[in-house]
Amino acid sequence: MVKSFKPGFDRRAFLAGGAALLGAGPALAQDVNSAGTIEMEGDISQGVRRNISSFRSLDWRPYFSDLKNGAILVDITSRALHYWSEDASVYRLYPTSVPLSEDLTRRGRTRVTFKDPEPDWRPTPSMKQRNPDWPDYVPPGPDNPLGTRALHLSWTYYRIHGTHDTRKIGRRSSNGCIGLYNQHIEELYEFSKVGTQVLLI
C-alpha cells in the first residue's frame, strides 16, 4: 500500500512570516527613499495610490491633418503619449505622468522648439511660490527632475521630459509637464525633431 503525502501547512508560521514581511516593507521603502534623490513635484504618497495608464493604439488621422515633422499626441485622461514618424513607419505608445490638477493642465496644439540632451532644472516662479524650500537650480544628472532628456514646447515652461522618480509614471504628479521613463524619453528624443507637432487632449 502506497501512503499519500500531504505537505504540512503551519498557519501560525505562515501568518508570522507574512507579518514580518509587512513590517519590513516601510523600512525597505525608507532605505530606497533616503538615497538623496530630489523630489520636486510633491509627495505622491498623498494622492492616488495606483498608477493608471490606458494602452490602446490610436490612428493619427482624427488628431492631425498630416504627419509633417512627425506627431506627438498626449492624452491627459489615459496618461499615454503616442508618437508617429513623418512617414508613419514608426508608432510608439508610452505611459506618462500628467499634471496634478486641471489648473496646471494645458491642452491644445504646440510643437517641439528645442531638444535638450542634458536638461538642468529651475523651478518656475509659481512653483517656487508654492514650494519656497525647493532649490533654485538642479544641474544635469541622475537627481534632475527633468530626467535624462527634455523636449521643450512652444508654451513657456512646458516640457516633455524624463523623470528620476519612476513612481510618478501613470499618475497625476507633475506641475504641468508630461513625464516619461528615462529610457522612453531617450527613444522619443531620437525620433523627434524641432518642429514635431504636439497635441495635448
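In short, a report on the structure. Computed from a predicted model, the values in this text were never measured in an experiment.

## Brief notes about the pattern of salt bridges
Between side chains of opposite charge, a pair can form when the charged atoms approach closely.
Piece 1. Counted according to the given criterion, the structure contains eight salt bridges.
Piece 2. Note that Asp59 is salt-bridged to Arg61, the shortest N-O span being 2.6 Å.
Piece 3. A relative accessible area of 36% means that Asp59 is categorised as partly exposed.
Piece 4. In this structure, Arg172 and Glu102 form a salt bridge, with 3.6 Å as the shortest nitrogen-oxygen distance. In this pair, Arg172 sits in strand 8 (residues 172-174) while Glu102 sits in the loop between strand 4 (98-99) and strand 5 (108-116), placing the two residues 70 residues apart along the sequence.
Piece 5. For Arg172, a relative accessible area of 30% translates into the label partly exposed.

## Points about the packing of aromatic side chains
Piece 1. Inspection of every chain in the model, using the stated rule, returns five aromatic pairs.
Piece 2. Centroid distance Phe64 to Trp84: 6.1 Å. Interplanar angle 65°. Geometry classified as edge-to-face. With a gap of 20 residues between them, Phe64 in the loop between helix 1 (11-33) and strand 1 (71-75) and Trp84 in strand 2 (residues 80-84) connect regions that are remote in the sequence.
Piece 3. Measuring from ring centre to ring centre gives 5.4 Å for Tyr83 and Phe191, while their planes differ by 10°; the resulting arrangement is stacked. Placement of the pair is Tyr83 in strand 2 and Phe191 in helix 3 (residues 182-191), with a sequence separation of 108 residues.
Piece 4. In textbook terms, an aromatic cluster arises when at least three aromatic residues are bridged by ring pairs, as seen for Phe64, Trp84 and Tyr91.
Piece 5. Across from the ring centre of Tyr189, 4.5 Å away, lies the NZ or CZ of Lys115, which sits over that ring.

Calculation notes
- Residues numbered from 1 in each chain as written.
- Predicted model: local features only at pLDDT ≥ 70, side-chain atom pairs only at ≥ 80, totals over all residues.
- Heavy atoms only, no water.
- Salt bridge = Lys/Arg side-chain N within 4 Å of Asp/Glu carboxyl O.
- Buried < 20%, exposed > 50% of the residue type's maximum accessible area, 1.4 Å probe, protein only.
- Helix = DSSP H or I, 4+ residues; strand = E, 2+ residues; numbered from the N terminus.
- Phe/Tyr/Trp six-rings, centres within 6.5 Å; stacked < 30°, edge-to-face > 60°.
- Lys NZ or Arg CZ within 6 Å of the ring centre and 35° of its normal.

Note that every value here comes from positions in space, so none of it alone points to a role or purpose.
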